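Residues per chain are reported as follows:
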Amino acid sequence: MSLPHAILTALVEKPSSGLELTRRFDKSIGYFWSATHQQIYRELGKLEADGLIRALPGGQPARGQKKSYEVLPAGRDELARWTAAPQDPKPLRDAMLLRLRAAAVVGTSGIEADLRRHLELHERQLAEYEEIEERDFPPGRDSTEDRLRHLVLRAGIDLETFWTQWLRHALTQFGELPDEGGRT
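Residues numbered from 1 in each chain as written. Predicted model: local features only at pLDDT ≥ 70, side-chain atom pairs only at ≥ 80, totals over all residues. Heavy atoms only, no water.

S.K.: Just give me the short version of the overall build of the protein chain, but keep the residues and values in it.
M.R.: For the protein chain, the helix and strand inventory stands at 7 helices and 3 strands. Order of helices (α) and strands (β) in the protein chain, N terminus to C terminus: α-β-α-α-β-β-α-α-α-α. Taking 16 Å as the expected radius of gyration for a compact globule of 184 residues, we find that the protein chain reaches 21 Å, considerably beyond that expectation. Within the protein chain, contacts between residues separated by at least 24 positions form 59% of all contacts whose residues are at least 6 apart in sequence. (Helix = DSSP H or I, 4+ residues; strand = E, 2+ residues; numbered from the N terminus. Rg over C-alpha atoms; globule rule 2.2 N^0.38 Å. Contact = heavy atoms within 4.5 Å.)

Here it is in C-alpha cells:
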C-alpha cells in the first residue's frame, strides 16, 4: 500500500505530471521506495479513480501533452491517516546474506568477487548520498520539512555506512578462510 502514499507525498510537495513524478522518483523517493514508470502511471489512474487526486484544471491535454495532478482533500486525509498509523518494521531480506549462508554448505566459489562488487556499489551510493547532503542540507536549513527530509537521507547514509563497514569486515574474514581451491 506504500506506493500510493509515496505518490501522494510527492504530489503534496508539488503537483506534477506522471513524467515529472517518475523523474522525481528517480532522484529522491526512489532511493528508498522504488517504482517503475508503469507502476507510477497505473497508480495515478487508481488514485484519480478513488477521488484522492485530480488532473489540474486547464482542459484535457492533447496527445503527447502532460497531464498534471494535484492531491485532493481526501488524498491529504488518507496520507495523514497512513502517516499516523503504526507499522511494524520489515524483516531484513538480503540475497547476499542468504548466499553466504549457502556458501557455508556448498562452497565459496564466486562469493568473494561479488562481495567486492557489492562493496563498490555501496561505496558509490554512500558517496552520492553524501554529495546530496552537502548540496541540499547546509548548516542552517532547519525547518521541519528540511529536518525530516534530512532525517530520511541520514537513514540512507547510515545504511550505506553500515553496508560498507560490514562488507569490509566480511572481506577480511573471507581472506582468513582456508583456500578451497576455486574461491574468488
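S.K.: Go over the packing of helix H2 (residues 18-27) against helix H3 (residues 37-49), please, and point to the residues and values.
M.R.: Packing of H2 against H3 leaves a shortest axis separation of 10 Å and a crossing angle of 130°. Considering their axes alone, H2 and H3 lie oblique with respect to each other. As H2 packs across H3, the resulting crossing turns out to be right-handed. Two secondary-structure elements touch here, H2 through Gly18, Leu19, Leu21, Thr22, Phe25 and Asp26 and H3 through His37, Ile40, Tyr41 and Leu44. When its residues are assigned to classes, the contact of H2 with H3 shows 6 nonpolar, 3 polar and 1 charged. (Axes fitted to C-alpha atoms, helices over the stretch in contact; angles between N-to-C directions. Parallel < 35°, antiparallel > 145°, perpendicular 65-115°, else oblique. Left-handed = near helix turned anticlockwise from the far one by under 90°. Nonpolar A, V, L, I, M, F, W, Y, C, P; charged D, E, K, R; others polar.)

S.K.: Got a sec to walk through the UniProt feature "domain: Transcription regulator PadR C-terminal" (unreviewed entry) in the protein chain? Specific residues and values, please.
M.R.: Per the UniProt annotation, the sites labelled "domain: Transcription regulator PadR C-terminal" (unreviewed entry) are residues 92-173. Between the end C-alpha atoms of residues 92-173 there is a gap of 22 Å, over a span that is 83% helix and 0% strand. (UniProt positions renumbered as here; feature names shortened; annotations may be inferred.)

S.K.: A description of the packing of aromatic side chains should follow, citing residues and the corresponding values.
M.R.: For the coordinates displayed, the defined rule picks out 3 aromatic pairs. With centroids separated by 5.2 Å and ring planes inclined at 85°, the aromatic side chains of Tyr31 and Tyr129 adopt a geometry described as edge-to-face. Placement of Tyr31 in the loop between H2 and H3 and of Tyr129 in helix H6 (residues 111-136) is noted, with a sequence separation of 98 residues between them. The exposure class of Tyr129 is buried, given its relative accessible area of 7%. Judged by centre distance (5.0 Å) and plane angle (70°), the rings of Phe162 and Trp163 are edge-to-face. Taken together, the ring pairs in this structure connect Phe162, Trp163 and Trp166 into an aromatic cluster. Seen from the ring of Phe137, Arg141 lies directly overhead, with NZ or CZ sitting 5.6 Å from the centre. (Phe/Tyr/Trp six-rings, centres within 6.5 Å; stacked < 30°, edge-to-face > 60°. Buried < 20%, exposed > 50% of the residue type's maximum accessible area, 1.4 Å probe, protein only. Lys NZ or Arg CZ within 6 Å of the ring centre and 35° of its normal.)

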